[in-house]
Amino acid sequence: MLDLRHYTTNLHVIGSRRVPIIGSRGCPYNCSYCVSPKLWHRKVRWRSPSNIADEMEYVIKTTGINQFHFWDDNLFLRKDHLVALAEEILKRDLQVKWLGLTRASHIVMQKDILPLLSRAGLIGMEIGIESANPDAYNIVGKNETLDNLIEACELQKSNGMFPMYTYMSYLPGDTIRDAYKQAQFMDRLLKGLPRYKYFHHLPFDIYIGQCCTPHVGTKLHDEAPSLGMPLGRDEEDFHHSSTCFLPQSLLNDIPIKNEYRLLTDDRVFCVIVSYGTIADYLRYDPPFLKVKNVSALNVLLDRYCNAIDGKKNLLEIVKSLHNEDHQCLAFNDMLKFCAAFTITLGQYGVLDSAYYQDKDNKISRKKIHCSKSLIYRTALTTSRIIGKLLGLKDFSFTRHLSYET
Ligand code: SF4
């Protein structure tokens, strides 16, 4: 009875329609940002492999779609279950393609069955790396190691699979330098792999992923006021695709400029990332407002970069900017935009944490390839020129109804 157009999107990596499916509920881990421990009390319930295969068969017969995305919290928890599912798929000759989510440590634990899973149509697993900062793992109870992540990546590659990753911005414990380290780590994991058209939502290799979100009911929600600033106005705002929390580790970090002049591409990246992580405002703005807001963002970006003096931390800089002239921007929105500029520029070495300046491990700018660079540069430069000519520096957003209701 459901209209499947609303439930099918492209399967990661290979494209063509996928149908969501759930083989188990729950996860025994206790990551503080995750709703699973709250929903399922760290207990796991499994459907039988034959029951899952029945559903696959039914979907194929009724819709013609043979690609499945398992939405289990942790698909790789039980080896016997996975083996039985793969054997069921092969026995029925379902010819399916599928993927799911798990932890790196579980891929390492189940490495001996990866060839079987690959034969049964597993195209790769999505792993939450969140951060490349072990301190952040400790704070959020992630209980994972970078060595596991590297091994899980190599194991998938050597079995002809496509490792995929989810990662977070604004995790407690992460600083500007950690944004850079995270990008370096992601580069390492993705080395030698094609750019997945159906996975990366940004047209350049800046890894923003999901914004750390203190979902209501989670441990992180209780801890958020002591770990940083929750910025959502109400529960609706706590959504992982918009900035709704900034950690003390970033707010207290003192940005340092490694470069004194911003390139056009720097502006492009900052504008796209900051819009994307602040509730997708731009998508709903009519054309003139887009021009106006891009122009205003450029003004804010210049003001922010000019205010970086190597002494004030991020929060202090934004307070001083907001006191001077708010560009019709609420303090929290200004803070979110400046945080987005900071981690964007931090990811490829234009900004760094002051903490590291005395140490002998300075970083340099990394070249970022942008596939639609010419289009973005032209749009941005045009908006800046029009903005300058018309004196546009104030923001005015159109918030989409779904963000308000
Ligand atoms: S984030 Fe993943 S591993 Fe951690 S509790 Fe949630 S489902 Fe389990």
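In short, a report on the structure. Keep in mind it's a predicted model, so treat the numbers as computed, not measured.

Okay, the overall build of the chain next. Each helix and strand in the chain was counted, giving 17 helices and 13 strands. At 22 Å, the chain has a C-alpha radius of gyration in line with the 22 Å of a compact globule built from 405 residues. Along the longest, intermediate and shortest principal axes, the C-alpha atoms of the chain span 70 × 45 × 40 Å. Sequence-distant contacts, at least 24 apart, represent 77% of the contacts inside the chain between residues at least 6 apart.

This part is about the nonpolar core. By size, the foremost hydrophobic cluster in this structure holds 61 residues, and its most contacted members are Y170, L300, Y304, C338, F341 and L345. Of the residues forming this core, the biggest block, 9 residues, is contributed by helix α15 (residues 331–347). When residues are assigned to domains, this core turns out to be shared by domain 1 (1–162) and domain 2 (195–405), each giving three or more. With near-sequence residues (within four places) excluded, L300 lies in contact with L321, Q327, L329, M334, F337, C338, F341 and F395.

Between side chains of opposite charge, pairing is possible as soon as their charged atoms come close. A full pass over the atoms with the stated rule returns 22 salt bridges. The shortest N-O distance in the salt bridge between K111 and E151 comes to 3.3 Å. On the criterion of sequence distance, the pair formed by K111 in the loop between α4 (104–109) and α5 (114–119) and E151 in helix α7 (residues 146–158) is long-range, its members being 40 residues apart. Look at E151 and you get partly exposed, because its relative accessible area is 31%. The shortest N-O distance in the salt bridge between D265 and R377 comes to 2.9 Å. Residue D265 is located in helix α11 (residues 264–276), and its partner R377 is located in helix α16 (residues 373–390); the two are separated by 112 residues in the primary sequence. Residue class for D265 comes out buried when judged on its relative accessible area of 13%.

Once that is clear, we can look at the sheet that holds strand β6 (residues 97–102). Strand order across the open sheet formed by 7 strands is β1-β2-β5-β6-β7-β8-β9, with mixed pairing between neighbours. Strand pairing shows two members of the sheet lacking a second neighbour, β1 (9–10) and β9 (210–211), which therefore form its edges. Examined bridge by bridge, strand β2 (residues 17–21) and strand β5 (residues 67–70) share 3 bridges and lie parallel to one another. Looking across to β5, one finds that P20 is bridged to H69. Sheet strands in contact with α7 are β7 (122–130) and β8 (164–169), and its direction is about 165° off that of β7. Sheet strands in contact with helix α8 (residues 176–190) are β7 and β8, and its direction is about 175° off that of β8.

The next point concerns the environment of A330. Mapping A330 onto the fold places it in the loop between α14 (314–324) and α15. In sequence terms A330 and L250 are 80 residues apart; their C-alpha atoms lie 20 Å from each other.

So, on to α8. In this model α8 runs 22 Å from its N-terminal to its C-terminal C-alpha over 15 residues, within 8% of the 21 Å that 1.5 Å per residue would give. Most of α8 sits out of view: 11 of its 15 residues are buried. Listing the buried residues of α8 in full gives I176, R177, D178, A179, Y180, Q182, A183, F185, M186, L189 and L190.

Quick look at the pairing of β2 now. Looking at chain direction, β1 and β2 are connected through 2 bridges and run antiparallel. Bridge assignment links T9 to a residue of β2, and that residue is R18. Remark: 6 residues form the turn of the hairpin made by β1 and β2, two consecutive strands paired antiparallel; V13 in that turn has positive phi of roughly 70°.

Before going further, it helps to spend a moment on the packing of aromatic side chains. The description of two aromatic rings rests on the distance between their centres and on the angle between their planes. According to the stated counting rule, one finds 7 aromatic pairs in the structure shown. Ring centres 5.7 Å apart and planes at 90° place the aromatic pair Y167 and Y207 in the edge-to-face group. Of this pair, Y167 sits in strand β8 while Y207 sits in the loop between α8 and β9, and the two are 40 residues apart along the sequence. Residue class for Y207 comes out buried when judged on its relative accessible area of 2%. Cluster of aromatic residues (ring-pair linked, three or more members): F204, F269 and Y348. Taking NZ or CZ as reference, R78 lies 4.5 Å from the ring centre of W46, over its face. Cation over ring: R103 sits above Y29, and NZ or CZ is 3.8 Å from the ring centre.

We now examine the environment of V273. Position of V273 relative to the elements: it lies in helix α11. With residues near it in sequence (within four places) discarded, V273 still touches L202, F204, I206, I208, A340 and T344.

Cut-off values and rules
Residues numbered from 1 in each chain as written. Predicted model: local features only at pLDDT ≥ 70, side-chain atom pairs only at ≥ 80, totals over all residues. Heavy atoms only, no water. Helix = DSSP H or I, 4+ residues; strand = E, 2+ residues; numbered from the N terminus. Rg over C-alpha atoms; globule rule 2.2 N^0.38 Å. Contact = heavy atoms within 4.5 Å. Core = buried A, V, L, I, M, F, W, Y, C linked by side-chain atoms within 4.5 Å. Buried < 20%, exposed > 50% of the residue type's maximum accessible area, 1.4 Å probe, protein only. Domains from an automatic or database assignment. Salt bridge = Lys/Arg side-chain N within 4 Å of Asp/Glu carboxyl O. Pairing = 2+ DSSP bridges. Axes fitted to C-alpha atoms, helices over the stretch in contact; angles between N-to-C directions. Expected span 1.5 Å × (residues − 1). Phe/Tyr/Trp six-rings, centres within 6.5 Å; stacked < 30°, edge-to-face > 60°. Lys NZ or Arg CZ within 6 Å of the ring centre and 35° of its normal.

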